[in-house]
Amino acid sequence: MSKLFLVPTPIGNLGDITYRAVEVLNSVDLILAEDTRQSGKLLSHYNIKSPLQSHHMFNEHRSVETICTRILSGLKVALISDAGTPGISDPGFLLVRTCLEKGISVETLPGPVALIPALVNSGLPCERFCFEGFLPPKKGRNKRLTRLEEETRTMIFYESPYRLVKTLDEMTGHFGSEREVSVSRELTKVFEENIRGTLPYLSDYYKNKPPKGEIVIVVAGKKD
Ligand code: SAM
């Protein structure tokens with residue numbers, strides 16, 4: 001039966017893929033990938049031979065209609081991103097929405113995503129949380145942080161290593177110097193690091209040791 005599958009892929013450690021993800025990727029007629037070279041490595045590691053086609057945010061608007069037409073003609077298609085779950089700070093939303101509008105069935109497999117291990121590992125309350133993705137780099141950044149000043153749930157942000165210290169300092173300005181935070185870097189990889197403390201403590205830590213790699217920031221919510 002024709003369908004769109006969203007298939008999560010590892011966020012670093014190649015072993016973090018489910019049996020079913022491999023099965024689905026092997027069974028589809030076409031795999032859409034953000035970066036075909038990057039995904040090619042994963043697919044060859046698992047000996048997955050399904051045809052691969054590029055699908056990223058720069059051609060997403062143009063290509064969704066064509067993809068939907070192909071699925072409607074009977075193809076099974078899988079969407080993967082460079083790492084983690086498609087649609088989470090990665091292309092996916094537009095394709096899912098367009099498929100649903102056209103009556104195409106969509107199935108998302110559970111699997112790797114950076115925010116969940118960072119949250120659970122933080123030691124901060126995780127029964128309720130909000131995911132903020134990347135903060136806007138310039139315009140709207142201050143407004144977003146101002147709105148979050150009253151947030152009582154644990155907050156999760158994706159961040160680049162180059163902006164980490166600046167972001168921690170801005171958060172200190174908005175949330176106060178006592179606020180607890182946890183920074184997870186290079187999750188599932190050889191140099192995985194999880195550092196916990198107050199916002200100023202982590203800012204100092206990374207001023208002295210400029211970070212490299214991929215980063216998730218988990219910030220405690222405001223105390224009720
Ligand atoms: N789709 C991905 C997911 O499901 O988590 C997120 C893709 S987004 C373009 C990339 C961001 O996710 C990175 O800048 C970082 O904030 C976070 N990230 C991805 N892999 C990570 C890892 N191994 N360790 C820490 N953060 C990671």
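Residues numbered from 1 in each chain as written. Predicted model: local features only at pLDDT ≥ 70, side-chain atom pairs only at ≥ 80, totals over all residues. Heavy atoms only, no water.

S.K.: Help me understand the packing of helix H7 (residues 164-175) against helix H8 (residues 199-208) in this model?
M.R.: The geometry of a pair of packed helices is captured by two quantities: the angle between their axes and the separation between those axes. With their axes 9 Å apart at the nearest point, H7 and H8 run at an angle of 160 degrees to one another. Considering the angle they form, H7 stands roughly antiparallel to H8. In terms of crossing hand, the pair formed by H7 and H8 is left-handed. Note on element contacts: H8 touches H7 through Leu199, Pro200, Leu202, Ser203, Tyr206 and Lys207, opposite Leu164, Val165, Leu168, Asp169, Met171, Thr172 and Phe175. Grouping the amino acids of the contact of H7 with H8 by side-chain chemistry returns 9 nonpolar, 2 polar and 2 charged. (Axes fitted to C-alpha atoms, helices over the stretch in contact; angles between N-to-C directions. Helix = DSSP H or I, 4+ residues; strand = E, 2+ residues; numbered from the N terminus. Parallel < 35°, antiparallel > 145°, perpendicular 65-115°, else oblique. Left-handed = near helix turned anticlockwise from the far one by under 90°. Contact = heavy atoms within 4.5 Å. Nonpolar A, V, L, I, M, F, W, Y, C, P; charged D, E, K, R; others polar.)

S.K.: Looking at this structure, how should I read the domain arrangement of the protein?
M.R.: Frequently, the measure chosen for interface size is the accessible area removed from exposure when the parts meet. Looking at the protein, the domain boundaries give domain 1 (3-108) and domain 2 (115-219). Averaged C-alpha coordinates put domain 1 and domain 2 at centres separated by 29 Å. Taken together, the contact between domain 1 and domain 2 spans 6 residues of the former and 9 residues of the latter. Buried area between domain 1 and domain 2, summed over both chains or domains, comes out near 500 Å², and the portion from carbon and sulfur atoms is 64%. Of all residues in domain 1, the largest losses of buried area upon contact with domain 2 belong to Ile11, Ile88 and Ser89, amounting jointly to 74% of the total for that side. Linking domain 1 with domain 2 are 0 salt bridges, by the criterion used here. Counting across the interface, domain 1 meets domain 2 through 1 residue pair in polar contact (both at pLDDT 80 or more). Classifying every residue of the side of domain 1 that touches domain 2 gives 2 nonpolar, 3 polar and 1 charged. (Domains from an automatic or database assignment. Buried area = accessible area lost by both parts, 1.4 Å probe. Salt bridge = Lys/Arg side-chain N within 4 Å of Asp/Glu carboxyl O. Polar contact = N/O pair within 3.5 Å; in protein donor to acceptor, adjacent residues only side chain to side chain.)

S.K.: Teacher, can you tell me more about the confidence of the model for the protein here?
M.R.: Atom-level detail of predicted coordinates should not be read off regions where pLDDT is low. Considering every residue of the protein, the mean pLDDT works out to 96; 100% of them sit at 70 or more. Element-level mean pLDDT values for the protein span from 90 in helix H3 (residues 60-72) up to 99 in strand S10 (residues 215-219). (pLDDT = per-residue confidence, 0-100.)

S.K.: Could you clarify how one ought to interpret the environment of Ala220 in this entry?
M.R.: Note on placement: Ala220 falls in the segment after S10. A C-alpha to C-alpha distance of 36 Å links Ala220 and His55, two positions 165 residues apart in sequence. Those residues within four positions of Ala220 in sequence are excluded, and the remaining contacts are Leu124, Arg153, Thr154, Met155, Arg179 and Glu180.

S.K.: Got a minute to help me understand H7 in this structure?
M.R.: Note: α-helices contain 3.6 residues per turn, so residues at a spacing of three or four share the same orientation. Between its first and last C-alpha, H7 extends 16 Å over 12 residues, near the 16 Å set by a 1.5 Å rise per residue. Listing the buried residues of H7 in full gives Leu164, Val165, Thr167, Leu168, Met171, Thr172, His174 and Phe175. Those residues of H7 that are buried are in contact with helix H6 (141-147), strand S7 (154-159), strand S8 (180-185), H8 and S10. Gly176 sits one or two residues past H7 and shows a positive phi near 95 degrees. (Expected span 1.5 Å × (residues − 1). Buried < 20%, exposed > 50% of the residue type's maximum accessible area, 1.4 Å probe, protein only.)

S.K.: Looking at this structure, how should I read a nonpolar patch on the surface?
M.R.: On the surface, Ile116, Val120 and Phe129 cluster together to form a nonpolar patch covering roughly 240 Å² of accessible area. Here Phe129 is to be found in strand S6 (residues 129-134). (Patch = residues over 30% accessible without salt bridge, like charges linked within 9 Å, V, L, I, M, F, W, Y side chains within 5 Å. Areas by Shrake-Rupley, 256 points an atom, 1.4 Å probe, with all protein chains shown as cover.)

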